[in-house]
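Coordinate analysis (summary)
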Amino acid sequence: MCSSDLGTAACQLCPAGKYSTSAGNSDASGCIDCGAGKYVASEGSDSASDCIACIAGKYATTVGASSDDACQLCVAGKYAPVAGGNSSDACIDCTVGKFAGIAGANSSSSCTDCRAGKFATATGSTACVECDAGYYMTGMDPSIANCTPCVPGTFYQRALNPAEASRTYSSIFQNDAIGTGLAQSMLDSVQAWSARS
């Protein structure tokens, strides 16, 4: 765009976030905003192709964005497999029986199956849940909350650390035997860690 000031003429660059494809613009109205889901950080862009799409896993609702700061992460429980999302609708819910615990997921493979004994009955879950104490899960479908009460004379207690006999290990630590001392898995883990084999 060109403007005149006190008899001197100078063409000014379209600002960041905008571009212009036509010659002879007389003011900033000839500069076009990059569309939602895109941004351009440099001044003087002369093509719509200069506008950069937000990466997969993000979206932007604003037009005329001048940096990728406008691109927002899809919330946990959702993913966006395609770049250039222009609304939160670009973020797709994980299906029932799966969850995504982190924001910004960019693939359906980011949605993890609930492990045995846990379930997620809603789409867009950020975590899987376990049956309450006194109930146990029947069936293998993690999309259904098949929580059945324990029969008289029995009980079910939720535990962070399953029995050592049900775990697998790759190594030991400080010569402790597997399942003892520091060679025990913790915090709902299925595998112990160590510094040597």
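Higher on the page you've got the structure.
Notes on the structure follow. Not measured: the values here are computed from a predicted model. (Residues numbered from 1 in each chain as written. Predicted model: local features only at pLDDT ≥ 70, side-chain atom pairs only at ≥ 80, totals over all residues. Heavy atoms only, no water.)

Let's talk about the pattern of salt bridges
- Applying the stated criterion across every chain, the model contains three salt bridges.
- Residue D33 is joined to K18 by a salt bridge in which the shortest nitrogen-to-oxygen separation is 2.6 Å. Of the two residues, D33 sits in strand 4 (residues 32-33) while K18 sits in strand 3 (residues 18-19), which places them 15 residues apart along the sequence.
- A residue is classified by how much of its surface remains accessible, and D33, at 31% relative accessible area, is partly exposed.
- In this structure K18 comes out as partly exposed when scored by relative accessible area, which is 24%.
- Residue K98 is joined to D113 by a salt bridge in which the shortest nitrogen-to-oxygen separation is 2.7 Å. Within this pair, whereas K98 is found in strand 11 (residues 98-99), its partner D113 is found in strand 12 (residues 112-113), the two being separated by 15 residues in sequence. (Salt bridge = Lys/Arg side-chain N within 4 Å of Asp/Glu carboxyl O. Helix = DSSP H or I, 4+ residues; strand = E, 2+ residues; numbered from the N terminus. Buried < 20%, exposed > 50% of the residue type's maximum accessible area, 1.4 Å probe, protein only.)

Observations regarding the state of the cysteines
- Tallied over the entire structure, the rule returns seven disulfides.
- Residue C114 pairs covalently with C128 via a disulfide, S to S 1.9 Å. Between C114 and C128, the S-S torsion sits near -80°, and that sign places the bridge as left-handed. Pair noted here: C114 is in the loop between strand 12 and strand 13 (118-119) and C128 is in the loop between strand 13 and strand 14 (129-130), with a separation of 14 residues, a long-range link.
- The exposure class assigned to C114 is buried, which follows from its relative accessible area of 8%.
- Overall, the relative accessible area of 14% leaves C128 in the buried class.
- One disulfide bridge connects C131 with C147, the sulfur atoms lying 2.1 Å from each other. (Disulfide = S-S within 2.5 Å.)

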